[in-house]
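Secondary and tertiary structure notes
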Amino acid sequence: MTGDIYYMFLAVEYFAADCIHSMRRHDTKDPETASYERLVFRNASDYHYMKISLIFEGGNIRLNAAHFKQLIISSLRELYGEIGAALPFDVLKFEENTLSAVLRVYSSALVRLWSALTLLGGYQGQPCGVRVVQVTPFLLALSGNSRELKLD
């Protein structure tokens, strides 16, 4: 059983989505004393893209893109103060009828934005929450979702 866990750990370690692993051999004069160095290359993307949707507990609330962005900024301000409110992010696409959006944020600020969205609790006295549908460093990855694919 321990061996299975070890190999599962290696599979997860080497096939992680955000890292590329490689091994480099350092040759020495004696082939029996060759050593290996592990290199890890992180994702070099400057931005991450988030597909999110706003879910209200009761009632239909209409929002436009400006109010939606202000809601996110107020959530950042509530959690991180004025420094958090200045976090740069963009609303690339907003659908008023489904209250879903595509956000672009610097990779270094992704965790702060995600945590503020998670802790968002209400808008104008109405309880609400944010569902993070998809997060990716590649905008093209948001164009299709295999979970919503309808086959005939």
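Keep in mind that what you see is a predicted model, and the values were worked out from it rather than measured. (Residues numbered from 1 in each chain as written. Predicted model: local features only at pLDDT ≥ 70, side-chain atom pairs only at ≥ 80, totals over all residues. Heavy atoms only, no water.)

**A closer look at helix α2 (residues 65-85)**
Residues spaced three or four apart along an α-helix point in a common direction, a consequence of the helix completing one turn every 3.6 residues. Here α2 is 21 residues long, yet its end C-alpha atoms lie only 17 Å apart, well below the 30 Å a rise of 1.5 Å per residue gives. Residues of α2 that are buried sit in contact with β3 (47-56), β4 (89-95), β5 (100-106), α3 (110-118) and β6 (122-123). (Helix = DSSP H or I, 4+ residues; strand = E, 2+ residues; numbered from the N terminus. Expected span 1.5 Å × (residues − 1). Contact = heavy atoms within 4.5 Å.)

**Some points on the pairing of β4**
Relative to β5, β4 runs antiparallel, the two sharing 6 bridges. Bridge pairing links F89 to V105 in β5. Where β4 folds back onto β5 in an antiparallel hairpin, the turn is made up of 4 residues, including L99, whose phi is positive at roughly 55°. (Pairing = 2+ DSSP bridges.)

**Re the packing of α2 against α3**
Orientation of α2 relative to α3, taken along the N-to-C sense of each, is 100°, at an axis distance of 9 Å. Accordingly, the angle class assigned to the pair α2 and α3 is roughly perpendicular. Between α2 and α3, the contacting residues are I72, S75, L76, L79 and Y80 on the first element and R112, L113, S115, A116 and L117 on the second. Of the residues belonging to the contact of α2 with α3, the class tally is 7 nonpolar, 2 polar and 1 charged. (Axes fitted to C-alpha atoms, helices over the stretch in contact; angles between N-to-C directions. Parallel < 35°, antiparallel > 145°, perpendicular 65-115°, else oblique. Nonpolar A, V, L, I, M, F, W, Y, C, P; charged D, E, K, R; others polar.)

**Focus: the confidence of the model for the protein chain**
Looking at the protein chain, the pLDDT average stands at 80 and 74% of residues meet or exceed 70. Note that residues 1-23 has pLDDT below 50 and, in this model, 23 contacts with residues that lie over four places away or in other chains. (pLDDT = per-residue confidence, 0-100.)

**Some details on the side chain of H48**
As for its placement among the helices and strands, H48 is situated in strand β3. Overall, the relative accessible area of 15% leaves H48 in the buried class. Looking at H48, its side chain comes within polar contact range of the side chain of S107, at 2.8 Å. (Buried < 20%, exposed > 50% of the residue type's maximum accessible area, 1.4 Å probe, protein only. Polar contact = N/O pair within 3.5 Å; in protein donor to acceptor, adjacent residues only side chain to side chain.)

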